[in-house]
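Chain by chain, the residues:
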Amino acid sequence: MSTPRLVRPTATDLPGLSALCLRAKAHWGYDAAFMAACVPVLTLSDTALATGRMVMAVGPDATPLAVARVEMLALDHEPDQVPACDLDLLFVDPPAMGRGIGAQLFHWAEAQARDMGARRLLIEADPGAVPFYAHMGAQQIGTAPSGAVAGRMLPLLALEL
């Protein structure tokens, strides 16, 4: 099987990529109410294209297989703060999982973060995805509040660049 091509999505790709994100999230076995709460957070907008950097992996027939996005975080001007990027999203369509596409996108995200001047890549991960990120070298440094479900805390991981 050939390695997927990485291409920059356009606005016309966003509805399909949003649906891909929701399918990938549902892969972890969440119920309908939880998934409904995720819709606003996982619906990609034109703003997502205009800020940060986004890429999609496509197969030989140009079918989207995965999507990732990184964005530089603003510095708080604290003495110990290092420039960091947020791995805002990384989702692989369930039928494409296990083929190395997630690793391909993760390495893309690392390179983008370095190119933007970051020294750390931060990841608010779904608990089911923590083993993947740990395999990629990230370490859990704390927790962060979910943007979709009030009171839910997500593992916060970091990869030093």
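Here, the structure is the one placed above.
The shown structure was predicted, so the numbers you read here are calculated from the model rather than taken from an experiment.

Looking at the sheet that holds strand β5 (residues 120–124)
Spatial ordering of the open sheet is given by β1-β2-β3-β4-β5-β7-β6, a layout of seven strands whose pairing is mixed. Each edge of the open sheet is held by one strand with a lone partner, namely β1 (5–7) and β6 (139–145). Neighbour-to-neighbour, the strand axes of this sheet turn through a mean angle of 30 degrees, independent of strand direction. Relative to β5, strand β4 (residues 84–92) runs parallel, the two being bridged by three bridges. Its bridge partner being in β5, Cys85 is matched across the sheet by Leu121. Helix α1 (residues 14–26) contacts β2 (53–58), β3 (64–72) and β4 of the sheet and is inclined by roughly 95 degrees relative to β3.

Overview of the packing of α1 against helix α2 (residues 32–42)
At their nearest, the axes of α1 and α2 sit 10 Å apart, and the two run at 145 degrees to each other. Considering the relative orientation of α1 and α2, their crossing is right-handed. Residue-level inspection shows Ser18, Cys21, Leu22, Lys25 and Ala26 of α1 in contact with α2, the latter providing Phe34, Met35, Cys38, Val39 and Leu42. Taken together, the residues that form the contact of α1 with α2 break down as eight nonpolar, one polar and one charged.

Focus: the environment of Ala62
Take Ala62: it is sitting in the loop between β2 and β3. Ala62 sits in the partly exposed class, given a relative accessible area of 43%. For Ala62 and Phe91, which are 29 residues apart along the polypeptide, the C-alpha to C-alpha distance reads 17 Å.

Overview of the environment of Ala158
Here Ala158 shows up in strand β7 (residues 153–160). Overall, Ala158 belongs to the buried group, its relative accessible area being 5%. Each C-alpha atom of the pair Ala158 and Asp46 lies 27 Å from the other, and the pair is 112 residues apart in sequence. Beyond its immediate stretch of four places on either side in the chain, Ala158 contacts Arg120, Leu121, Leu122, Gly137, Ala138, Gln139 and Ile141.

A few points about the pairing of β4
Across the nine residues of β4, eight count as buried, placing the element largely inside the fold. Sheet topology places β3 next to β4; seven bridges connect them, and they run antiparallel. Counterpart to Met72 in the pairing with β4 is Cys85. In this region the chain leaves β4, passes through helix α4 (residues 101–115) and returns to the parallel neighbour β5; the handedness of that crossover is right-handed.

Side note on the nonpolar core
Membership of the largest hydrophobic core comes to 28 residues, with the highest contact counts inside it found for Leu87, Leu90, Phe106, Leu121, Ile123 and Tyr133. Counting residues per element, this core draws most heavily on α4, which supplies six residues. In this structure, Tyr133 is in contact with Leu87, Leu90, Phe106, Ile123, Ala125, Ala138 and Leu157, ignoring residues within four places of it in sequence. Core analysis: the second largest hydrophobic core is formed by 18 residues, Cys21, Ala24, Cys38 and Ala48 among them.

Details of α2
Since the α-helix packs 3.6 residues into each turn, any two residues three or four apart lie on the same face. Here α2 has its buried residues at Phe34, Met35, Cys38 and Leu42. End-on, the buried residues of α2 take up no more than an arc of 90 degrees, which puts them together on one face. Away from its buried face by more than 90 degrees, α2 exposes Ala32, Ala33 and Pro40. Those residues of α2 that are buried are in contact with α1 and β4.

What counts, and at which threshold
Residues numbered from 1 in each chain as written. Predicted model: local features only at pLDDT ≥ 70, side-chain atom pairs only at ≥ 80, totals over all residues. Heavy atoms only, no water. Pairing = 2+ DSSP bridges. Helix = DSSP H or I, 4+ residues; strand = E, 2+ residues; numbered from the N terminus. Axes fitted to C-alpha atoms, helices over the stretch in contact; angles between N-to-C directions. Contact = heavy atoms within 4.5 Å. Left-handed = near helix turned anticlockwise from the far one by under 90°. Nonpolar A, V, L, I, M, F, W, Y, C, P; charged D, E, K, R; others polar. Buried < 20%, exposed > 50% of the residue type's maximum accessible area, 1.4 Å probe, protein only. Right-handed = clockwise from strand over helix to strand, strands pointing away. Core = buried A, V, L, I, M, F, W, Y, C linked by side-chain atoms within 4.5 Å. Arc of directions from axis to C-beta.

Note that every value here comes from positions in space, so none of it alone points to a role or purpose.
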